[in-house]
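Letter by letter, the chains look like this.
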Amino acid sequence: MARGRRRRRRQRRKRASTKQLTAAATVQDVPDHVLEMILLRVDSSACLVRAAASCRRWRRVVADAAFLHSFRTLHGAHRVAGAYHTVDPAYGRPLPGGNFVFVPSTPLAAGDSCCFALDFLPYGGRDSWELLDCRRDLLLLSKKRPRFGGVATSRRFTDLVVCEPLTRRYQVIRCPANLKFFMCLGVFLLDDDAATGVGHAGGVSNFRVIAVLFDHHRWLDYRGMPMSMMFSSSGSGGDGTWQMVQWETIDDVDLPHWIEHITFVGRANGRIYWGLENEDGATLVLDESTTEFSITMFPENIWAPYDKYTFRVIGDGDDGALRVVRVINNDLKVFTQLAGAGEWVLEKTVSLPEATRGQPGHEEGLFFQHGEAMIVAASAAYVLVMPREKAWMFSVELDTMEVEREHDRNWYPGPAYQYESLPWPALQVCTDG
């Protein structure tokens, strides 16, 4: 009898314990420290933003300063969601729906690719805009210009938009009426300014854009000069303003009379470079921190013979050195400027006809019928190259100088912009909600 009572008591305790476990097995009963451990392992910024928006409790956990610090420590300060690849019309056919396409970096990010489609852009959607630049999680685009009419229309200064794909927020930047007939050498998002806090910290509420325009020289006949305008958005909810940075004639800085002879050739180590045809190695340089223009002369063994299709300036590698990538006699050459001394040395070289032999799509006679291969785009990690004989693009990894044909970048003849999806501004939006 006593044994039966003990057995029944054990069974009742077991059933009660089972009910307690069943009752605790809900999302709401997961302790905060366990929920934090789970959310720390979310590898997609877009997924983390959606998790924060699901309920107040998750929003509180994710937006906590200690959680964000742990997330940065675990995953790094910036999460690379993928890259926006563009197509330069000089090298390939335009893409349907704009000149850019987003390629996610991981299969997990691929599930979030709808966040990066930019279908929220105004005035006709993404079809009406061309991608110009990207800095972390902000994109800069310009209103698409007609291709007819030559340089007079294709390089004219026009309206811009800065957007933040994860939050689907944007700000339109109107072209000032007095500048709409100026030719444009380039428009760029500027990096964060740690001293002033201007830059990424405020997303589309706080950023800077610099536009470099072309004007006829004030004093010299048949010469041109650069001018620059700075747009600063307003953190107080205003539309922001354009300000003239440089419009006066600059001593020792004059340019060819025709804008066709001025070509953007790279952005490296806080400076922007334009190659100048028929100027014996002279290159226009804009210092991003001071916004001052200057002319830099490269050694003859690096620039000669100058061809805008075979010359690029790169940098931002692990050593911070400035480099020039050239195609000379169909050899891809990498020149490096030694720190301190200013001396240039040949660092690496590879024969393109030899290195591409055996690659899928290779044909005999490439590189020998129509002159030098063309550099389509260049970064600190790789160079995109295309022979003049046919649209057969490949990339050269600069670490190994090996040819690669299978990467996604080889399908898009133009610059690629790495997109770092930072959840912090989006999380702030979620928290405020």
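Check the entry above for the structure.
What comes next is a walk through the structure. The structure displayed is predicted, hence computed values, not measured ones.

Two aromatic rings are characterised by how far apart their centres lie and by the angle between their planes. Per the stated rule, a full pass over the model turns up 19 aromatic pairs. Ring plane angle 20 degrees and centroid distance 6.4 Å describe the contact between phenylalanine 120 and tyrosine 170, whose orientation is recorded as stacked. Here phenylalanine 120 is found in the loop between α6 (107-110) and β3 (129-135), whereas its partner tyrosine 170 is found in strand β6 (residues 169-173), with 50 residues between them in sequence. Judged by relative accessible area, which is 12%, phenylalanine 120 ranks as buried. Given the relative accessible area of 37%, tyrosine 170 is considered partly exposed. One aromatic cluster in this structure is built from Tyr84, Phe100, Phe102, Phe116 and Tyr419. Here lysine 143 stacks its cationic end above the ring of tryptophan 129, 5.7 Å away from the centre of that ring. Just above the ring of tyrosine 382 sits the side chain of arginine 409; from NZ or CZ to the centre is 4.1 Å.

What follows deals with the pairing of strand β13 (residues 271-276). Most of β13 is tucked away: five of the six residues are buried. Inspection of the sheet shows strand β12 (residues 262-268) paired to β13 by six bridges, in the antiparallel sense. Directly across from threonine 263, in β13, lies its bridge partner glycine 275. What sits between β12 and β13 in their antiparallel hairpin is a turn of two residues, with asparagine 269 showing a positive phi close to 55 degrees. Both β13 and strand β14 (residues 282-287) contribute to a ladder of five bridges, which runs antiparallel. Across the sheet, the residue bridging to arginine 271 is aspartate 287, located in β14.

Strand order across the open sheet formed by three strands is β2-β1-β24, with antiparallel pairing between neighbours. Of all the strands in the sheet, just β2 (100-104) and β24 (416-420) have a single pairing partner and so form its edges. Here the average twist between neighbouring strands, direction ignored, is 25 degrees. Pairing between strand β1 (residues 80-86) and β24: five bridges, direction antiparallel. In the sheet register, valine 80 faces β24, and the bridge partner there is glutamate 420.

Among the nonpolar cores identified, the biggest contains 21 residues, and Phe157, Val162, Val209, Leu213 and Trp242 are the most heavily contacted of them. Elements supplying a minimum of two residues to this core: β4 (138-143), β5 (160-164), β7 (183-189), β8 (208-216) and β9 (223-232).

Looking now at the pairing of strand β21 (residues 382-386). With five of five residues buried, β21 lies mostly within the body of the structure. Burial along β21 is two-sided: the face carrying Tyr382, Leu384 and Met386 and the face carrying Val383 and Val385 are both buried. In the sheet, strand β20 (residues 374-378) pairs with β21 via four bridges, with the strands oriented antiparallel. The residue bridging isoleucine 375 from the neighbouring strand is valine 385, located in β21. Hairpin connection, β20 to β21: the antiparallel pair is bridged by three residues. Both β21 and strand β22 (residues 394-397) contribute to a ladder of four bridges, which runs antiparallel. If you follow leucine 384 over to β22, its bridge partner there is serine 395.

Analysis parameters
Residue positions within a chain follow its written sequence, with the count starting from 1. Reporting of local features is limited, given that this is a predicted model, to residues whose pLDDT is at least 70; pairs of side-chain atoms are given and counted only at 80 or more, and all residues count toward the totals for whole chains, interfaces and linings. As a rule here, side-chain values come from all non-hydrogen atoms in the structure, and water together with hydrogens is ignored. Only the six-membered ring of Trp is used, alongside the rings of Phe and Tyr, when aromatic pairs are assigned; centres must lie within 6.5 Å, and planes under 30 degrees apart are stacked while those over 60 apart are edge-to-face, with the rest tilted. The helix and strand labels rest on DSSP assignments: H or I over at least four residues marks a helix, E over at least two residues marks a strand, and numbering proceeds from the N terminus. Buried residues are those whose accessible area, probed at 1.4 Å on protein chains only, stays under 20% of the maximum for their type, while exposed residues exceed 50% and partly exposed ones sit between those limits. The rule is short: NZ of Lys or CZ of Arg within 6 Å of the ring centre and within 35 degrees of the ring normal puts a charge over the ring. In this analysis, strands are considered paired if DSSP registers two or more bridges between them. Angles shown run from 0 to 180 degrees and are taken between the N-to-C directions of axes, each axis being a line fitted to C-alpha atoms and, for helices, limited to the stretch in contact. What we call a nonpolar core is a set of buried Ala, Val, Leu, Ile, Met, Phe, Trp, Tyr and Cys residues that are connected through their side-chain atoms within 4.5 Å.

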